[in-house]
Amino acid sequence: MNMVTVQLEIPEDMKPYINNNNKLRQNAILLYPYILNRTISHGRAAEILGISKLDLIDLYANLGFPYFDLIMNELDKDLGTFHSLNETVI
């Protein structure tokens, strides 16, 4: 994987929390907004980071970021569709 150095401006009080020991986690966090707004997929983010998709999902889960982002209304609608399809098959 080719690496490039990028200079970031951060608040001075944030400096103690930035360290080189957590580069993978920090890079994953930088990519998360693009996953959230569906610019890239979890799979593509994992490719960029050089890890498997499952490892990335696990990393995000450990940080409290959900893999599934359905709201309850969407889940209820999907379950209703599933049940109606299931009844027509049986």
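Just so it is clear, the model here is predicted, and its values are computed rather than measured.

Some words on a nonpolar patch on the surface
A contiguous nonpolar patch, built from Val-4, Val-6, Leu-8, Ile-10, Met-14, Tyr-17, Ile-18 and Leu-30 and spanning about 840 Å² of accessible area, is present on the exposed surface. Mapped onto the secondary structure, Ile-10 falls in the segment before helix H1 (23-36).

Considerations on the nonpolar core
Counting ten residues, the largest nonpolar core consists of Ala-28, Leu-31, Tyr-32, Ile-35, Ala-45, Ala-46, Leu-49, Leu-56, Leu-59 and Tyr-60. Residue assignment for this core shows that the elements contributing at least two residues are H1, helix H2 (42-49) and helix H3 (53-63). With near-sequence residues (within four places) excluded, Leu-31 lies in contact with Ile-40, Ala-45, Ile-48, Leu-49 and Tyr-60.

Describing the confidence of the model for the protein
If pLDDT is low for a region, its predicted coordinates should not be looked at in detail. Overall, the predicted model of the protein reaches an average pLDDT of 86, with 90% of residues at or above 70. Confidence, expressed as mean pLDDT per element, reaches its minimum in the protein at helix H4 (residues 72-89) with 76 and its maximum at H2 with 96.

Focus on the packing of aromatic side chains
One pass over the structure, following the stated rule, counts three aromatic pairs. Between Tyr-32 and Tyr-60 the ring centres are 4.9 Å apart and the planes differ by 65°, which places this aromatic pair in the edge-to-face class. One end of the pair, Tyr-32, is in helix H1; the other, Tyr-60, is in helix H3, and 28 residues separate them in sequence. In this structure, Tyr-32 and Tyr-60 share a single accessibility class: buried. Residues Tyr-60 and Phe-65 carry aromatic rings whose centres are separated by 5.9 Å and whose planes lie at 55° to one another, so their mutual orientation is tilted. An aromatic cluster is present here, built from Tyr-32, Tyr-60 and Phe-65 joined pairwise through their rings.

Cut-offs used in this document
Residues numbered from 1 in each chain as written. Predicted model: local features only at pLDDT ≥ 70, side-chain atom pairs only at ≥ 80, totals over all residues. Heavy atoms only, no water. Patch = residues over 30% accessible without salt bridge, like charges linked within 9 Å, V, L, I, M, F, W, Y side chains within 5 Å. Areas by Shrake-Rupley, 256 points an atom, 1.4 Å probe, with all protein chains shown as cover. Salt bridge = Lys/Arg side-chain N within 4 Å of Asp/Glu carboxyl O. Helix = DSSP H or I, 4+ residues; strand = E, 2+ residues; numbered from the N terminus. Core = buried A, V, L, I, M, F, W, Y, C linked by side-chain atoms within 4.5 Å. Buried < 20%, exposed > 50% of the residue type's maximum accessible area, 1.4 Å probe, protein only. Contact = heavy atoms within 4.5 Å. pLDDT = per-residue confidence, 0-100. Phe/Tyr/Trp six-rings, centres within 6.5 Å; stacked < 30°, edge-to-face > 60°.

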